[in-house]
Amino acid sequence: MDILKQLADTFFNWQLMGEVIPKMFAVGLPNTIILAVVSGIIGTAIGMLLALMGISRNAAARWVARVYTDILRGLPPVLTILVIGFGFGPIVRELTGSTSPYPMAIAALSLMSGAYIGEIFRSGIQSVDKGQLEASRALGFGYGPSMRLVVVPQGIRRVLPALVNQFIALIKESSLVFMLGLLASEREIFQIGKDLAANSGNLSPYVAAAIFYLALTIPLTHFVNWIDARLRTGRPEKKEPDDAAAVVGKGAQA
Amino acid sequence: MSEFASGSLSARNIHLSFGSNHVLRGIDLHVPQGTTASVIGPSGSGKSTLLRVMNRLIEPDQGDILLDGRSVLKDNPDELRRRIGMVFQQFNLFPHKTVVENVSLALRKLRKLSKEEARSEALEQLDLVGLRHKADSRPANLSGGQQQRVAIARALAMKPEVMFFDEATSALDPELVKGVLALMADLAKGGMTMVVVTHEMGFSRNVSDAVTFMDAGVVVESGPPEQLFTEPKTDRLKGFLSDVL
């Protein structure tokens, strides 16, 4: 019984939880969400640019996109965050006077997720039937408008589940920015748990952090499944049996 | 007394190669204003490619294309394509847009009509093909025949001077072919200038004013349908007709 009690105390120390949870709500959760959402948005923009470069007819653009993607996808996230945070931090400090590593954390996460999202978008855009571009061009749209109005929207729709998965990964990877040494008010869920765990020598704050992450990621996972099912089966709509029925049927008077 | 502001179309000595593959080897085709030319021939003879060259989806290596007697090779190809409607074998409707949006997209973005104007014009076009009641459906919820009629409405909405049909009925179930062919025949009667690449010999014979038989990238024989179908001169056309009829 002692062992069970000891385990319960290690992982579920209610006093420590009570101490850490309000702080997670007040500081950790908003910071995690800001890191994930802002770098998600910037990463999506980078990804779209990379995808369009990747399918461009310009060989130089394709080459740049390829090299960028290979490097950023090939590195461990922790290394990218450290290198960008510590490597470019001093330059940014000199240019802007800001000493906060927060923008560097967002930059690192954005650049990283941009590489993944670029590949997601590219595969989606390339999966759109060639006849779509042809039909749009035949109507008189140029290449750019055809991509923007016809091809890209269909490509994105197909990869929405993969895109949300990438956003889930981003929420998790945002925990790595603790390595840049954030100010107290900038700390996200993981670091707030880690701080108290280090002070108390007890793991309960980590468990609290875990619950916060799961509360963010599990609904998103189910959201992915929902979109996926929706994309597979489409919106339910009544279907006329054939042309003849439409002419004489109740659809005809509309 | 034509309903359409259609024009004549000519292709002169068109050559096109993909690498070492010489797909079109000096094609001449003249379609007078308000007439329908059908292009027949075995698969791989270059018929569909010829259509794509004539609206410059593919640029020819050599030759000239004239719309209303004027060369269009120096024009902006996007503007040229607004004057030529095209209907595809696989319909190629935009699946992420509703039926009426498929028809109104080019009206809004290219002819710069307001949303309401574009919609009401698109609904009129859908009325002509008998599908106004499907305006707010998605293409995926329509039968193949209905989808192809929407595709025709989409092309007509731009008020083209010429219409291209690229095997427009080949992907349709047999019972749906008739409706689409009837619509095409109506357009032909209404005075639209049309180039119809088809395997429907009945349509070619009964509706078109001229028939062009292509094989291996050249025009083997061309003339009025009666002449080609009843007295084919070349062995290649005789062989083709005995295979398909």
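Conventions we followed
- Residues numbered from 1 in each chain as written.
- Chains lettered and ligands numbered in written order.
- Predicted model: local features only at pLDDT ≥ 70, side-chain atom pairs only at ≥ 80, totals over all residues.
- Heavy atoms only, no water.
- Helix = DSSP H or I, 4+ residues; strand = E, 2+ residues; numbered from the N terminus.
- Contact = heavy atoms within 4.5 Å.
- Buried < 20%, exposed > 50% of the residue type's maximum accessible area, 1.4 Å probe, protein only.
- Pairing = 2+ DSSP bridges.
- Buried area = accessible area lost by both parts, 1.4 Å probe.
- Salt bridge = Lys/Arg side-chain N within 4 Å of Asp/Glu carboxyl O.
- Polar contact = N/O pair within 3.5 Å; in protein donor to acceptor, adjacent residues only side chain to side chain.
- Nonpolar A, V, L, I, M, F, W, Y, C, P; charged D, E, K, R; others polar.
- Axes fitted to C-alpha atoms, helices over the stretch in contact; angles between N-to-C directions.
- Expected span 1.5 Å × (residues − 1).
- Core = buried A, V, L, I, M, F, W, Y, C linked by side-chain atoms within 4.5 Å.

Draft legend 1. Expanded view of the environment of A:Tyr143. Residues and elements named next belong to chain A. Summarising the element assignment, Tyr143 is placed in helix 7 (residues 143-173). Each C-alpha atom of the pair Tyr143 and Leu133 lies 8.0 Å from the other, and the pair is ten residues apart in sequence. Among residues more than four places away in sequence, those in contact with Tyr143 are Ile55, Arg57, Leu133 and Arg137.

Draft legend 2. Seen up close, the pairing of strand 8 (residues 193-197) of chain B. All names here are of chain B. Within strand 8, five of the five residues are buried, leaving the element largely enclosed by the surrounding structure. Burial along strand 8 is two-sided: the residues Thr193, Val195 and Val197 and Met194 and Val196 are all buried. For strand 3 (residues 36-40) and strand 8, the ladder comprises four bridges, and the chain directions are parallel. Its bridge partner being in strand 8, Thr36 is matched across the sheet by Met194. Bridging between strand 7 (residues 162-166) and strand 8 involves five bridges; their strand directions are parallel.

Draft legend 3. Region of interest: the interface of chain B and chain A. Counting from both sides, the interface comprises 32 residues of chain B and, opposite them, 27 residues of chain A. With both chains or domains summed, chain B and chain A bury close to 2500 Å², and 55% of this area falls on carbon and sulfur atoms. The largest share of the area that chain B buries against chain A comes from B:His96, B:His133 and B:Asn141, three residues that together contribute 24% of it. At the junction of chain B with chain A, the criterion picks out two salt bridges. Its salt-bridge partner being A:Arg137, residue B:Asp78 comes within 3.1 Å of it at the nearest N-O pair. Seen at the junction of chain B and chain A, the total is eight residue pairs in polar contact (both at pLDDT 80 or more). Counting residues per element, the ones that place at least two in the side of chain B that touches chain A are helix 2 (77-82), strand 6 (84-87), helix 3 (99-109) and helix 5 (144-157) of chain B. Of all the elements, helix 5 of chain B adds the most residues to the side of chain B that touches chain A, at four residues. Among the residues forming the side of chain B that touches chain A, the class breakdown is 13 nonpolar, nine polar and ten charged.

Draft legend 4. Representation of the sheet that holds strand 1 (residues 9-18) of chain B within the structure. Residues and elements named next belong to chain B. One open sheet accounts for four strands, arranged 2-1-4-5; its pairing is antiparallel. A strand with exactly one partner marks an edge of an open sheet, and here the two such strands are strand 2 (21-31) and strand 5 (70-71). Taken together, the two bridges between strand 4 (residues 62-67) and strand 5 define a ladder with antiparallel strand orientation. Bridging across to strand 5, Leu67 finds its partner in Arg70. Each of strand 1, strand 2 and strand 4 is contacted by helix 1 (residues 47-54), which is oriented at about 65° to strand 2, the strand it contacts most.

Draft legend 5. Structural context of unusual backbone geometry. All names here are of chain B. Although it is not a glycine, Arg56 sits at a positive phi angle of roughly 60°. Position of Arg56 among the secondary structure elements: in the loop between helix 1 and strand 4. Judged by its relative accessible area of 8%, Arg56 is buried. Within the chain, Asp68 stands out as a residue other than glycine whose phi angle is a positive 55°.

Draft legend 6. Representation of helix 8 (residues 189-200) of chain A in the model. Residue and element names in this part refer to chain A. Over its twelve residues, helix 8 runs 17 Å from end to end, which matches the ideal 16 Å to within 8%, given 1.5 Å per residue. Within helix 8, burial applies to Ile189, Gln191, Ile192, Gly193, Leu196 and Ala197. The secondary structure elements touched by the buried residues of helix 8 are helix 2 (14-54) and helix 9 (204-233). Its side-chain oxygen placed 3.1 Å from the backbone nitrogen of Phe190, Glu188 serves as the N-cap of helix 8. The first or second residue beyond helix 8 is Gly201, which carries a positive phi of 65°.

Draft legend 7. Expanded view of the nonpolar core. Grouped together as the largest cluster of nonpolar side chains are 91 residues, with contacts concentrated most on B:Leu126, B:Ile152 and B:Phe165. No other element matches helix 6 (residues 174-189) of chain B, which puts eight residues into this core. Once residues lying within four places of it in the same chain are set aside, the contact partners of B:Ile152 are B:Val87, B:Met163, B:Phe165, B:Val180, B:Leu183, B:Met184 and B:Leu187. In terms of nonpolar packing, the next biggest core, distinct from the first, is built from 20 residues, A:Val20, A:Val207, A:Val224 and A:Ile227 among them.

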